[in-house]
Amino acid sequence: MISLKKRSLISITDFNTEEYLHILSMAKDFEKTPIQNIAEGRVIATLFFEPSTRTRLSFESAANKLGAKIIGFADVNNSSATKGESLSDTIKTVANYADLIIMRHSLEGASRWASEVADIPVINAGDGSNQHPTQCLLDLYSIKKTQKTLDNLHVAMVGDLKYGRTVHSLVEAMCNFNTTFHLVSPESLKLPSAVKILIKERKLTYFQYTEMQEALDKADIVYMTRVQRERFVDIQDYERVKNAYLLDKSMLNNVKENMKILHPLPRVNEINKDVDNTTHAYYFQQALNGVYVRQALIASILGLK
Ligand code: CP
């Protein structure tokens, strides 16, 4: 019997493979029946110290569909952090008002710290360049839904593999499913060695490229990412790589028939709009899948299912 009751989710490795699959299976049920009033009387705090559209709103949509109430802030300037309150004091205080904290912060490790000071579970909604585990679960759900399996796939990851927290979480998770990785990035934005070591430890194969066409043609899944201006200390470094990868429809002529393009979004210019109406584009459905996966997470962590 799998129980995630009262568990925090900070890194994707906090859950094991059986637990991921349990969440994905619950999410499938929520996709069939999204309105389930099982969290009535529960309060969920969404604390977003960094901007977000999809993660915050899909969590709030998920909580609403479960009948929970939401408190929190989407703009740190409306919180007492601007008066100098420490993160731990904010978290201890909010833990008095809520049953679950969902938190995004620009500092790597901030969510782990919050989970250590809170006496309620904390879900990491993205901490700096480190981890984005709930995005990872919805990515896994989207991959399984489109490919009918998570096993033995060729996954191309394109763009900012250095600072991309969604990439780090997804590589770690896909290491459990005999994945072959095709890593496409500028030299300056390669996947960090610490993550590549995990691939090697699992005796899996990865290929590195600076051009994307060969990887596109080999892939079952193409995971596009934005070059994130906000992660660069030197704006000149960003300017040099910001247009490194511009995927358009003409590049899809020789790809696998069922290849799907995922992107955590937001996009800037890395996927041309002419891709949106192809059978390969899956990024907006992927964002929708986030609601079902987050319903599953909230329900299981609150011990409602
Ligand atoms: N995928 C994702 O994290 O998007 P937001 O930044 O809009 O939440």
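Analysis parameters
Within each chain, residue numbers correspond to sequence positions counted from 1 in written order. Residue-level local features of this predicted model are given only where pLDDT is at least 70; pairs of side-chain atoms are given and counted only at 80 or more, and the full residue set underlies all totals for whole chains, interfaces and linings. Hydrogens are left out, water is left out, and the side-chain values use all remaining heavy atoms of the structure. Elements are defined by DSSP. Helices are runs of H or I of four residues or more, strands are runs of E of two residues or more, and each kind is numbered from the N terminus. The length a helix should cover is 1.5 Å for every residue beyond the first. Any residue under 20% of the maximum accessible area for its type is buried, any over 50% is exposed, and the rest in between are partly exposed; the area is computed with a 1.4 Å probe on protein chains only. Aromatic rings from Phe, Tyr and Trp, with only the six-membered ring used for Trp, were paired whenever their centres fell within 6.5 Å, and each pair was classed as stacked if the ring planes differed by under 30 degrees, edge-to-face if by over 60, and tilted otherwise. For a ring to carry a charge above it, either NZ of a lysine or CZ of an arginine must fall within 6 Å of the ring centroid while also lying within 35 degrees of the normal to the ring plane. Two residues form a contact once any of their heavy atoms are found within 4.5 Å. Residues are classed as near a molecule or strand on a simple rule: at least one heavy atom within 4 Å of it. In protein, a polar contact means a hydrogen-donor-capable atom and an acceptor-capable atom, both N or O and within 3.5 Å, with residues adjacent in sequence counting only if both atoms are side-chain atoms; elsewhere, any N or O pair within 3.5 Å suffices. The protein chains shown are the only cover counted for residues, whose accessible areas, like all others here, come from Shrake-Rupley with a 1.4 Å probe. With a 1 Å grid laid over protein atoms only, a set of points is called a cavity when a 1.4 Å probe fits there but cannot get out and a pocket when it is open yet has protein on both sides within 12 Å along at least five of seven lines; lining residues have an atom within 4 Å of a point. Each molecule is assigned to a cavity or pocket provided more than half of its atoms lie within 2 Å of the corresponding grid points. Three categories are distinguished: nonpolar for Ala, Val, Leu, Ile, Met, Phe, Trp, Tyr, Cys and Pro, charged for Asp, Glu, Lys and Arg, and polar for the others, with Gly belonging to the last. When DSSP finds two or more bridges between a pair of strands, those strands are recorded as paired. Think of each axis as a best-fit line through the C-alpha atoms, taken over the contacting stretch in the case of a helix, with angles from 0 to 180 degrees between the N-to-C directions.

*Asks:* Can you break down helix H5 (residues 133-147) residue by residue, with the values?
*Replies:* When the terminal C-alpha atoms of H5 are compared, their 21 Å separation across 15 residues agrees well with the 21 Å that a helix rising 1.5 Å per residue should span. Here H5 lies mainly inside the structure; 13 of its 15 residues are buried. Residue Lys148 follows H5 closely and has a positive phi angle near 65°.

*Asks:* With reference to specific residues and values, describe the packing of aromatic side chains.
*Replies:* Taken as a whole and assessed by the stated rule, the structure comprises four aromatic pairs. When the centroid spacing of 5.4 Å and the interplanar angle of 65° are considered together, the rings of Tyr283 and Phe284 count as edge-to-face. Aromatic rings pair up to connect Tyr163, Phe232 and Tyr238 into one cluster. Positioned above the aromatic ring of Phe207, the side-chain terminus of Lys218 is 5.8 Å from the ring centre. Taking the ring centre of Phe59 as reference, the NZ or CZ of Arg294 above it sits at 4.9 Å.

*Asks:* Kindly report on helix H6 (residues 165-174), identifying the contributing residues and their values.
*Replies:* Of all ten residues in H6, ten are buried; the element is thus mostly enclosed. Of all the residues in H6, the buried ones are Arg165, Thr166, Val167, His168, Ser169, Leu170, Val171, Glu172, Ala173 and Met174.

*Asks:* An account of the side chain of Thr278 is requested, with residue identities and associated values reported.
*Replies:* Note that Thr278 resides in the loop between strand S9 (260-262) and helix H10 (283-301). If we skip the residues at most four places from it in the chain, Thr278 touches Lys249 and Leu252.

*Asks:* Go over the site of the ligand with me, naming the residues and quoting the values.
*Replies:* Every residue near the ligand is listed here: Ser52, Thr53, Arg54, Thr55, Arg104, His132, Gln135, Pro264 and Leu265. Between Arg104 and the ligand, the recorded distance is 2.9 Å, taken from a side-chain N or O atom to an oxygen atom. Within the contact set of the ligand, a nitrogen atom lies 2.7 Å away from a backbone nitrogen or oxygen of Pro264. In isolation the ligand exposes 250 Å². Once the protein is present, 91% of that is buried. The cavity where the ligand resides is the largest pocket. Looking at the shell around the ligand residue by residue, the class counts come to two nonpolar, five polar and two charged.

*Asks:* Break down the sheet that holds strand S4 (residues 122-127) for me, with residues and values.
*Replies:* An order of S2-S1-S3-S4 is seen for the four strands of this open sheet, with the pairing classed as parallel. Looking along the sheet, the strands with just one partner apiece sit at the ends: strand S2 (69-73) and S4. Between one strand axis and the next, the sheet turns through 15° on average, direction left out of account. Of the strand pairs in this sheet, strand S3 (residues 100-105) and S4 are connected by four bridges, and their pairing is parallel. When the bridges of S4 are listed, Ile102 appears paired with Ile123. Its contacts with the sheet put helix H2 (residues 54-66) on strand S1 (43-48), S2, S3 and S4, and the angle it makes with S1 is roughly 175°.

*Asks:* So what's going on with the environment of Met103? Residues and values would help.
*Replies:* Tracing the backbone through its elements, the reader meets Met103 in strand S3. Between the alpha carbons of Met103 and His168 there is a distance of 18 Å; along the sequence they are 65 residues apart. Every residue in contact with Met103, bar those within four places of it in the chain, is listed here: Leu47, Phe49, Leu87, Ile91, Ala110, Ser111, Ala114, Ile123, Asn124, Ala125 and Gly126.

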